[in-house]
Amino acid sequence: MFAASILNIFPLQDSTGVLVFIVTFLLIYWSTRRHPGIPPGPGRWPIIGNLGSLAGPDKLKVFRDLRLKYGDVFALYFGSELTVILNGYEAIKDAFLKQGRQFSFRPENDFVRRSVISNLIFGNGPECKAKRVCIMNAFRDLCFTRNGVVLEQIVHDELDFLIEIITKNAKAFCPRKTMSMSFASVIFNILHGKRPERGEKRFQWYMDTLDQGFEVFLRSQVRHYCFPWLDKLPGDLLRLQYAKDVSVSVSEFFEEIFKEREAASLPGSRDCLLDFFLSEDSPVARDEIWKCHHDLMGAGSETSATTMNWMILLLALYPDVQAKLYAEITRKIGKELPAISDRSKIPYVEAVILETLRIGSIVPLGVPHFVKEDVSFRGFYIPNGTTIIANVTSVHHDPSVFPDPFAFRPERFLDESGRVLQASEQVIPFSMGQRSCIGESIARIELFLYVTRIVQNVEFRLPAGCKRPTLNGVFGITYRPEDYNVDIAKRN
Ligand code: HEM
């Protein structure tokens, strides 16, 4: 029947026509066929796969709707790359904790090999594990074992500067860039033992490069998945040459700083992360250190800054929460500089931070994971080489877990007396398992010191007569609020 219809279309003597038809048919079949046994998902289109299903201004809603239709575990093709999306706390936990051995790799596809500089966030294997352990030990030593004095000091120095700048603003201002710079300075200081000079051009250039790098990375990834052959055409259509040029400049930027530090520090000193990396037993080769520093700067500054941007917006939108926060801080520590040891004294601050991390869902789809073997998961087949994405917002914005999920209500994390913090295990902004965030403790302390000190000193208000900002976010590697302005009133 099938053969007969082909013969009707192409007479026998026209063997070229038959060949073209068969090749076209096979190409369409292979490029639209879903692997058998994989989790459900929408039909696949040639070339773009399921990218069409992700169209729409509100990406988080798109993922919410796909979950409603296909369940907690569904599969999409980003171009030709098979990607499994995990939704809900139990599915993410099953993968990253219960089957953590299989689900804890980072993608090793062609795009990552060609364009990613990272040897930590996108690293795999025992060397990457050794770096994780070394950094976590160094963070513990630098920031916590000396009662957190180093971290506390670094953050307070930075906050002296920040509060001075923001209180100088007579006009309504948008905190985004100021916050990015401030948190980047803290991480830079932990890494290199000094804060960048105020207004230093090299550092400003580096921050701009990081900012653009995030966007270019996302765009060229999508293009590479759909049209890998663009790489063979003249012109840097996939921006891979751009990525290489940036990495050379970034390595030179860090190299200069490393040399300064090597010349200045005493042998055996352990005052910043760089000292740990330069020590004899370091798991990171000398010419690879800059890559780790680049990863830590990228991962550690934009995330915390975005959390603070959400927090300022939410406090301005909910003046009653802000007033309660100020009252609690004043009652418990007055005008004293907050210390890490004060965290347990002011549970309301911790509840405000948790609620901000929940609503903001700063890294909405986490960092991609990957499987390097065929995996059986919840009755589905996940083939070797599949990318795995944990949709963290599916947990944080699930009304069955957090009723009225878009209302800013820190009280949901306090007991009935309002005095005891009841953190929910279902708030997972730092993910979980073997690849969870290694900066979590630093981030939590930074946020505590930032919010407490800033609220002690200033009040945020929506500028009179302006359109009320929404909770709409800008979707990217991080999820940040749309730019907004706030008035800042200095407290007496
Ligand atoms: C509010 C602030 C932060 C948030 C919401 C956040 C969130 C995350 C998330 C979701 C991941 C991916 C986990 C996974 O793949 O399962 C991650 C990884 C990572 N984060 Fe953070 N992070 C924050 C702050 C920081 C800070 C301050 C640092 C460094 C000082 C840092 C360094 C890293 C690194 C190096 C990784 C990669 C870990 C690996 O691949 O093994 N993060 N973070």
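Residues numbered from 1 in each chain as written. Predicted model: local features only at pLDDT ≥ 70, side-chain atom pairs only at ≥ 80, totals over all residues. Heavy atoms only, no water.

Within an unreviewed UniProt entry, the label attached to the protein chain reads Cytochrome P450, and the organism entered is Dreissena polymorpha. What UniProt states about the protein chain under its Cofactor (unreviewed entry) heading is, verbatim, "heme". (UniProt positions renumbered as here; feature names shortened; annotations may be inferred.)

## Examining the overall build of the protein chain
The secondary structure content of the protein chain amounts to 17 helices and ten strands. Along the first, second and third principal axes, the C-alpha set of the protein chain runs to 90 × 55 × 45 Å. Burial status across the protein chain gives 51% buried among its 492 residues. At a minimum sequence separation of 6, the contacts of the protein chain that also span at least 24 residues come to 72%. In the structure as shown, the protein chain presents an accessible area of about 23,100 Å², 57% of it carried by carbon and sulfur atoms. With 59 positive and 57 negative side-chain charges, the protein chain shows a separation of 3 Å between the mean positions of the two kinds. (Helix = DSSP H or I, 4+ residues; strand = E, 2+ residues; numbered from the N terminus. Buried < 20%, exposed > 50% of the residue type's maximum accessible area, 1.4 Å probe, protein only. Contact = heavy atoms within 4.5 Å. Areas by Shrake-Rupley, 256 points an atom, 1.4 Å probe, with all protein chains shown as cover. Lys, Arg positive; Asp, Glu negative; His and termini not counted. Charge placed at Lys NZ, Arg CZ, Asp CG, Glu CD.)

## Some words on the side chain of Ser436
Secondary-structure assignment places Ser436 in the loop between helix H16 (393-396) and helix H17 (440-457). Apart from the residues within four sequence positions on either side, Ser436 is in contact with Arg132, Phe430 and Ser431.

## Description of the sheet that holds strand S2 (residues 81-87)
Ordered in space as S1-S2-S6-S3, the four strands form an open sheet in which the pairing is mixed. The sheet terminates laterally at strand S1 (73-78) and strand S3 (369-370), the two strands that pair on one side only. With six bridges connecting them, S1 and S2 associate as antiparallel partners. Of the residues in S2, the one forming a bridge with Phe78 is Glu81. Sitting on the sheet, helix H3 (residues 59-70) is in contact with S1, S2 and strand S6 (387-391), with an inclination near 125° to S1. Sheet strands touched by helix H4 (residues 89-98): S1, S2, S3 and S6. Its angle to S2, the strand with the most contacts, is close to 120°. (Pairing = 2+ DSSP bridges. Axes fitted to C-alpha atoms, helices over the stretch in contact; angles between N-to-C directions.)

## Remarks on the coordination of the iron atom of the ligand
What the protein offers the iron atom of the ligand as a donor is a single atom, Cys437 (SG), at 2.3 Å. Among the structural elements, Cys437 can be located in the loop between H16 and H17. (Donors = N, O, S within 2.8 Å, 3.2 Å for Na, K, Ca; no water.)

## A look at the packing of helix H13 (residues 289-317) against helix H15 (residues 347-360)
Where H13 meets H15, the closest approach of the two axes is 9 Å, and the angle between their N-to-C directions is 105°. When the axes of H13 and H15 are compared, the pair comes out roughly perpendicular. Mapping the contact onto sequence places Thr307, Trp310, Met311 and Leu314 in H13 and Val352, Ile353, Thr356, Leu357, Ile359 and Gly360 in H15. Tallied by class, residues from the contact of H13 with H15 come to seven nonpolar, three polar and no charged. (Parallel < 35°, antiparallel > 145°, perpendicular 65-115°, else oblique. Nonpolar A, V, L, I, M, F, W, Y, C, P; charged D, E, K, R; others polar.)

## Things to note about the site of the ligand
In the region of the ligand, 23 residues are neighbours, and Arg106, Arg132, His369, Ser431 and Cys437 sit closest. Separating an oxygen atom of the ligand from a backbone N or O atom of Ile121 is a distance of 3.5 Å. At a separation of 2.9 Å, an oxygen atom of the ligand approaches a polar side-chain atom of Arg435. Only helix H7 (125-145) and H13 provide two or more residues apiece to the shell around the ligand. Looking at the shell around the ligand, the element that brings in the most residues is H13, giving six residues. Grouping the constituent residues of the shell around the ligand by class yields 13 nonpolar, seven polar and three charged. (Near = heavy atom within 4 Å. Polar contact = N/O pair within 3.5 Å; in protein donor to acceptor, adjacent residues only side chain to side chain.)

## Some details on the UniProt feature "binding site: heme" (unreviewed entry) in the protein chain
With numbering matched to this structure, UniProt assigns "binding site: heme" (unreviewed entry) to Cys437. Accessibility expressed as a relative area gives 34% for Cys437, which makes it partly exposed.

## Digging into the confidence of the model for the protein chain
Looking at the protein chain as a whole, its pLDDT mean stands at 89, while 95% of the residues score no less than 70. In the model output, the complex is listed with pTM 0.91 alongside ipTM 0.99. (pLDDT = per-residue confidence, 0-100.)

## Looking at the pattern of salt bridges
Scanning the entire structure with this criterion turns up 29 salt bridges. Between Lys291 and Glu288 there is a salt bridge whose closest N-O contact spans 3.4 Å. By relative accessible area, Glu288 is classed as partly exposed at 25%. In this structure, a network of salt bridges that share partners links the residues Arg67, Asp72 and Asp398. (Salt bridge = Lys/Arg side-chain N within 4 Å of Asp/Glu carboxyl O.)

## Re the packing of helix H14 (residues 319-333) against H17
Contact geometry for H14 and H17: axes closest at 9 Å, N-to-C directions at 100°. One element, H14, and the other, H17, form an angle in the roughly perpendicular class. The segment H14 lies against H17, with Leu325, Tyr326, Ile329 and Ile333 engaging Val451, Thr452, Val455 and Gln456. Taken together, the residues of the contact of H14 with H17 sort by class into six nonpolar, two polar and no charged.

## Here we look at the environment of Ser279
Following the sequence through the fold, Ser279 ends up in the loop between helix H12 (273-278) and H13. Note on Ser279: relative accessible area 18%, which makes it buried. For Ser279 and Ser269, which are ten residues apart along the polypeptide, the C-alpha to C-alpha distance reads 8.9 Å. Polar side-chain contacts of Ser279 include one of 2.7 Å to the backbone oxygen of Phe276. Separated by 2.9 Å, the side chains of Ser279 and Asp281 make a polar contact.

## Here's the deal with the environment of Tyr381
Among the secondary structure elements, Tyr381 is positioned in strand S5 (residues 380-382). In contact with Tyr381, not counting residues within four places along its chain, are Pro36, Gly37, Ile38, Pro39, Asp374 and Val375.

## Considering the packing of aromatic side chains
The description of an aromatic ring pair rests on the distance of the ring centres and on the angle between the ring planes. According to the stated counting rule, one finds eleven aromatic pairs in the structure shown. Ring pairing ties together the aromatic residues Trp205, Tyr206, Phe253, Phe254 and Phe258, which thus form one cluster. If you follow Arg44 out to its NZ or CZ, it ends over the ring of Tyr77, 4.0 Å from the centre. The residue whose ring lies beneath Arg358 is Phe402, and the NZ or CZ to ring-centre distance is 5.2 Å. (Phe/Tyr/Trp six-rings, centres within 6.5 Å; stacked < 30°, edge-to-face > 60°. Lys NZ or Arg CZ within 6 Å of the ring centre and 35° of its normal.)

## Describing H7
Its 21 residues give H7 an end-to-end C-alpha distance of 28 Å, which sits within 8% of 30 Å, the value for a rise of 1.5 Å per residue. Taken together, the buried positions of H7 are Cys128, Lys131, Arg132, Cys134, Ile135, Ala138, Phe139, Leu142 and Cys143. (Expected span 1.5 Å × (residues − 1).)

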